[in-house]
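So you can see what is in the structure, the chains are spelled out below.
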There are 2 protein chains.
Amino acid sequence: MPSSTVENYVKQMYLLEQELQPDLVPMGRMAASLGITPGTATTMVKALAESGLADYEPRSGVRLTEGGRRLALHVLRRHRLVEAFLVKTLGLDWSEVHEEAEQLEHVISDKVLERIDVYLNRPRRDPHGDPIPDGRGRIDEAREPTLNDCSLSSPWVVVRIHDQEPEFLQFVERIGLTPGGRVEVCSRDRIADAVTFRNHHAKEISVSTAVAAKIAVAAPPNDVDTQGGTK
Amino acid sequence: MPSSTVENYVKQMYLLEQELQPDLVPMGRMAASLGITPGTATTMVKALAESGLADYEPRSGVRLTEGGRRLALHVLRRHRLVEAFLVKTLGLDWSEVHEEAEQLEHVISDKVLERIDVYLNRPRRDPHGDPIPDGRGRIDEAREPTLNDCSLSSPWVVVRIHDQEPEFLQFVERIGLTPGGRVEVCSRDRIADAVTFRNHHAKEISVSTAVAAKIAVAAPPNDVDTQGGTK
DNA sequence: GATGATACTTTGAGGATTCAAAGTGCCGTC
DNA sequence: GACGGCACTTTGAATCCTCAAAGTATCATC
Ligand SMILES: [Mn+2]
Ligand SMILES: [Mn+2]
Ligand SMILES: [Mn+2]
Ligand SMILES: [Mn+2]
């Protein structure tokens with residue numbers, strides 16, 4: 001069985017591949033995002049390549065193999081289902097569950113995982129709006145528009161927050177942008193590096209484009225829509 | 001923070017102290033019950049002594065210090081609350097939760113633990129009837145009588161099973177002796193090494209004294225009793 | 001095309017945990 | 001009181017993961 005360390009490496013590699021969409025994830029990014037020294041990253045990634053989970057190109061970077069991707073998605077599934085469970089069942093705050101899941105993701109058996117999945121009625125997204133891979137390792141990798149890209153003066157719904165920092169998540173909550181919340185972007189000012197929007201209380205708020213990029217949105221659901229009946 | 005390994009050692013040491021009530025737990029028992037070689041046990045126990053969790057007397061055995069006992073009870077609390085939670089909330093079988101809890105006990109934060117405790121309404125016992133230490137490290141260490149000690153021909157209630165093996169627990173269930181079940185011992189035959197009892201279906205069953213020793217019982221509750229009102 | 005900056009790799013080492021195998025102390029038996 | 005047996009300890013080595021520091025490749029710039 002893969003160690004927690006290996007699971008963390010492949011999971012992080014997957015997340016960086018998604019975030020950067022690069023041909024290869026540079027070693028520096030791996031090291032930085034895992035909080036280890038570059039030398040350690042090199043050593044471990046070589047071991048990962050040895051065991052067939054990654055393809056390593058010296059002085060260029062790494063990429064997950066098919067097997068590595070499968071493992072990464074399994075870990076991610078455990079992580080996100082645990083987050084959802086902790087929020088919905090035990091009432092933890094959505095800003096604090098990431099940290100908890102970081103440990104739990106390595107010790108949840110398939111049996112417990114399946115129970116949680118059923119208990120929560122097979123959720124598609126975790127409390128931060130991150131998509132949950134299904135039991136077969138399929139995941140919705142669609143990139144939603146953010147407050148930086150969406151059309152001005154039209155209604156949107158927050159679907160995902162691309163940040164796990166408790167302070168940031170609490171800030172997001174304070175400005176009314178938790179997943180499910182309505183927004184309408186009023187204006188963008190490239191020079192001021194600011195995006196101004198109205199939340200569901202019609203309150204006007206401005207954030208930097210760096211922050212705006214972390215708030216993903218989608219078209220609001222049709223009211224005529226049948227809820228959750230799309231086999 | 002103590003590693004999982006250290007937590008397993010002190011927990012096991014506590015369990016052996018309770019089971020054997022010896023002055024010192026012999027190294028051989030430690031090694032056997034943890035499934036490691038005697039040499040490893042010696043090395044680790046010396047390290048435990050170094051860090052103040054145990055008192056080690058070469059060629060005699062070990063004993064937990066006050067600090068070691070505190071840690072052991074904290075781990076035991078996590079273990080048993082997790083077992084209760086898995087059975088009551090996620091519907092796992094009581095025979096399979098021990099194994100799951102063996103891993104989860106090392107990664108449950110104080111916050112999650114407290115939520116589970118509240119969610120379950122601060123249970124006093126886990127699914128096997130094992131007492132759950134409270135948040136301050138207090139535990140009911142009372143030794144209940146077993147099918148080997150209790151009076152003949154009078155009603156008793158099963159309160160605890162002193163074994164965690166799935167097959168044994170399933171067997172116990174099959175003969176109707178899960179915690180809460182009624183029993184009445186009909187006879188004991190020292191020579192035949194057998195104990196014969198009637199379960200709540202009035203069915204007569206015989207088991208060896210070794211098995212009988214694992215079934216702890218208590219006097220049935222007074223029907224006039226006020227349920228759960230003893231501050 | 002030499003110079004440096006920067007990113008990456010290699011090397012040497014240490015901590016934690018484990019084992020196999022060899023060594024040692026203790027205890028009862030004769 | 002010597003002998004054996006058994007429980008326990010010591011030793012040497014391995015695995016996994018990590019770091020600090022030294023070495024090296026690559027790429028932009030002059
Ligand atoms: Mn993790
Ligand atoms: Mn999440
Ligand atoms: Mn354990
Ligand atoms: Mn138990």
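Check the entry above for the structure.
What comes next is a walk through the structure. As the structure is a prediction and not an experimental result, all values here were calculated from the model.

1. Some remarks on the packing of aromatic side chains
Aromatic ring pairs are reported here in terms of the distance separating the ring centres and the angle at which the planes meet.
Piece 1. In total, this model carries five aromatic pairs over all chains according to the counting rule given.
Piece 2. Seen from their ring centres, phenylalanine 85 of chain A and tyrosine 119 of chain A are 5.7 Å apart, and the 75° between their planes marks the pair as edge-to-face. Linking phenylalanine 85 of chain A in helix 4 (residues 66-88) with tyrosine 119 of chain A in helix 6 (residues 110-119), this pair joins segments that are 34 residues apart in sequence.
Piece 3. Members of the aromatic cluster, each reached through a chain of ring pairs, are Phe85 and Tyr119 of chain A together with Phe85 and Tyr119 of chain B.
Piece 4. In this arrangement the basic side chain of lysine 214 of chain A is found over the ring face of phenylalanine 168 of chain A, its NZ or CZ atom lying 4.6 Å from the centre.

2. Some points on the protein's contact with DNA strand D
Piece 1. With respect to spatial proximity, 19 residues lie near DNA strand D, and among them Ser3 of chain A together with Thr42, Lys46, Tyr56 and Arg59 of chain B are the closest.
Piece 2. The sugar-phosphate portion of DNA strand D accounts for 73% of its atoms within 4 Å of the protein, the bases making up the rest.
Piece 3. Contact distances for DNA strand D include 2.8 Å between a phosphate oxygen and a side-chain N or O atom of threonine 40 of chain A.
Piece 4. Secondary structure elements with two or more residues in the surface near DNA strand D: helix 1 (4-20) and helix 3 (38-50) of chain A together with helix 2 (27-34) and helix 3 (38-50) of chain B.
Piece 5. The element that contributes the greatest number of residues to the surface near DNA strand D is helix 3 of chain B, accounting for four residues.
Piece 6. For the surface near DNA strand D, a count of residues per class yields eight nonpolar, eight polar and three charged.

3. Comments concerning empty space enclosed by the protein
Piece 1. Following the criterion strictly, the structure yields one cavity of 30 Å³ or more and no others.
Piece 2. Its boundaries defined by the atoms lining it, the largest cavity holds a volume of some 160 Å³.
Piece 3. In terms of lining, the largest cavity is formed by 16 residues, of which the most central are Phe85, Leu104 and Ile108 of chain A together with Phe85 and Ile108 of chain B.
Piece 4. Elements supplying a minimum of two residues to the lining of the largest cavity: helix 4 and helix 6 of chain A together with helix 4 (66-88) and helix 6 (110-119) of chain B.
Piece 5. Among the residues forming the lining of the largest cavity, the class breakdown is 16 nonpolar, no polar and no charged.

4. So, the sheet that holds strand 4 (residues 182-189) of chain A
In any sheet, the strands associate via hydrogen bonds between backbone groups, in a parallel or an antiparallel arrangement.
Residues and elements named next belong to chain A.
Piece 1. An order of 6-5-4-3-7 is seen for the five strands of this open sheet, with the pairing classed as antiparallel. Looking at the sheet topology across the chains shown, the edges are occupied by strand 6 (204-208) and strand 7 (215-218). Between one strand and the next, the sheet's axes are offset by a mean angle of 45°, whatever the strand orientation.
Piece 2. Pairing between strand 4 and strand 5 (residues 194-199): six bridges, direction antiparallel.

5. Topic: the environment of arginine 63 of chain B
Residues and elements named next belong to chain B.
Piece 1. Counting through the fold element by element, arginine 63 comes out in strand 2 (residues 61-64).
Piece 2. Exposure remark for arginine 63: the relative accessible area of 24% places this residue in the partly exposed category.
Piece 3. In sequence terms arginine 63 and methionine 27 are 36 residues apart; their C-alpha atoms lie 10 Å from each other.
Piece 4. Of the polar contacts made by the side chain of arginine 63, one reaches the side chain of glutamate 57; its length is 3.2 Å.

Cut-offs applied
Residues numbered from 1 in each chain as written. Chains lettered and ligands numbered in written order. Predicted model: local features only at pLDDT ≥ 70, side-chain atom pairs only at ≥ 80, totals over all residues. Heavy atoms only, no water. Phe/Tyr/Trp six-rings, centres within 6.5 Å; stacked < 30°, edge-to-face > 60°. Helix = DSSP H or I, 4+ residues; strand = E, 2+ residues; numbered from the N terminus. Lys NZ or Arg CZ within 6 Å of the ring centre and 35° of its normal. Near = heavy atom within 4 Å. Polar contact = N/O pair within 3.5 Å; in protein donor to acceptor, adjacent residues only side chain to side chain. Nonpolar A, V, L, I, M, F, W, Y, C, P; charged D, E, K, R; others polar. 1 Å grid on protein atoms, 1.4 Å probe; cavity = no way out; pocket = protein on both sides within 12 Å on 5 of 7 lines; lining within 4 Å. Points joined across faces, edges and corners; volume = space filled by probe spheres on them. Pairing = 2+ DSSP bridges. Axes fitted to C-alpha atoms, helices over the stretch in contact; angles between N-to-C directions. Buried < 20%, exposed > 50% of the residue type's maximum accessible area, 1.4 Å probe, protein only.

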